[in-house]
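# Inside the fold
The residues making up each chain are set out below.
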Amino acid sequence: MSSLASPPIFRWSLFDQLTNNELYEILRARQEVFAVEQDCVYQDADGKDQHAWHLACWDSTLASPVLLAYLRVVFPGKKYAEPSIGRVLTVEAARGTGLGRELMRYAIRHTLREFPQAPIRISAQLYLKKFYEEFGFEQIAEPYDEDGIPHIEMLRPFA
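The following paragraphs examine the structure supplied in this document. This is a predicted model, so every value here is computed, not measured.

Our focus in this paragraph is the overall build of the chain. Secondary structure assignment for the chain yields three helices and eight strands. Going from N to C terminus, the chain has its helices and strands arranged as β-α-β-β-β-α-β-α-β-β-β. For the chain, the C-alpha radius of gyration of 15 Å lies close to 15 Å, the compact-globule estimate for 159 residues. Summarising its shape, the C-alpha atoms of the chain cover approximately 45 × 35 × 35 Å along the three principal directions. For the chain, with 159 residues in total, the buried portion stands at 43%. Partitioning the intrachain contacts of the chain with sequence separation of at least 6 by distance along the chain shows that 61% fall at a separation of at least 24. Here the chain displays about 8,600 Å² of accessible surface, and carbon together with sulfur accounts for 52% of that area. One way to put it: in the chain the 17 positive side-chain charges average out to a point 5 Å from where the 22 negative ones average out.

Structure representation (structure tokens):
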């Protein structure tokens with residue numbers, strides 16, 4: 001595992017709390033990772049960002065925001081009955097640093113604080129099954145195709 005030059009800054013925001021530059025960086029990174037790198041055409045702007053917490057991990061050494069990692073927690077009832085974590089990404093330059101695991105730890109703690117006693121649901125790319133199992137998620141359905149990529153639904157039961 002490589003390391004970053006300085007500690008990153010993790011920040012939770014509701015949609016309306018994101019600055020224009022932060023939102024641009026988030027959408028740019030999502031397009032870069034999910035559309036360009038994965039060669040997948042899909043509708044990223046799905047109407048759920050306005051109903052979610054956004055966790056962004058920023059490079060703390062630069063004046064302008066540079067996104068290193070990101071995810072969103074969609075409110076219960078907006079995608080699934082449970083709160084759901086999605087759009088989880090680490091930009092290429094920050095991969096292998098442990099930010100993905102740190103991001104998920106932050107997300108689970110925050111989700112449990114915001115929605116006590118609620119299980120958490122995710123739709124995960126199949127190849128990341130073991131990664132999410134490290135955080136207590138369990139596969140609850142057979143694999144399915146989403147935009148040409150094998151996915152599985154996983155649930156982290158309330159503990």
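That was the structure; now back to the text.
Moving on, we get to the pattern of salt bridges. Following the criterion strictly, the structure yields 14 salt bridges and no others. Note that Arg121 and Glu82 form a salt bridge whose closest N and O atoms lie 2.7 Å from each other. Note that Arg121 is positioned in strand β5 (residues 120-125) and Glu82 in the loop between β3 (67-74) and β4 (84-90), a separation of 39 residues in sequence. In terms of burial, Arg121 and Glu82 fall into one category: buried. Each member of the salt-bridge network shares a partner with another, and the members are Arg30, Asp44, Asp46, Asp49, Arg72 and Arg87.

Moving on, we get to the packing of aromatic side chains. Taken as a whole, this structure holds six aromatic pairs when the rule is applied. With a centroid separation of 5.3 Å and 65° between ring planes, the pair formed by Phe131 and Phe135 is classed as edge-to-face. On the accessibility criterion, Phe131 (16% relative accessible area) is buried. On the accessibility criterion, Phe135 (11% relative accessible area) is buried. A centroid spacing of 6.1 Å and a plane angle of 80° characterise the contact between Tyr132 and Phe137, whose relative ring orientation is edge-to-face. For Tyr132, a relative accessible area of 7% translates into the label buried. Take Phe137: its relative accessible area is 2%, and that puts it in the buried class. The structure contains a cluster of three or more aromatic residues connected by ring pairs, namely Phe131, Tyr132, Phe135 and Phe137. A cation sits over an aromatic face here: Arg109 above Tyr106, 5.2 Å from the ring centre. A cation over a ring is seen here: Arg121 above Tyr80, with NZ or CZ 5.3 Å from the ring centre.

Definitions and cut-offs
- Residues numbered from 1 in each chain as written.
- Predicted model: local features only at pLDDT ≥ 70, side-chain atom pairs only at ≥ 80, totals over all residues.
- Heavy atoms only, no water.
- Helix = DSSP H or I, 4+ residues; strand = E, 2+ residues; numbered from the N terminus.
- Rg over C-alpha atoms; globule rule 2.2 N^0.38 Å.
- Buried < 20%, exposed > 50% of the residue type's maximum accessible area, 1.4 Å probe, protein only.
- Contact = heavy atoms within 4.5 Å.
- Areas by Shrake-Rupley, 256 points an atom, 1.4 Å probe, with all protein chains shown as cover.
- Lys, Arg positive; Asp, Glu negative; His and termini not counted.
- Charge placed at Lys NZ, Arg CZ, Asp CG, Glu CD.
- Salt bridge = Lys/Arg side-chain N within 4 Å of Asp/Glu carboxyl O.
- Phe/Tyr/Trp six-rings, centres within 6.5 Å; stacked < 30°, edge-to-face > 60°.
- Lys NZ or Arg CZ within 6 Å of the ring centre and 35° of its normal.

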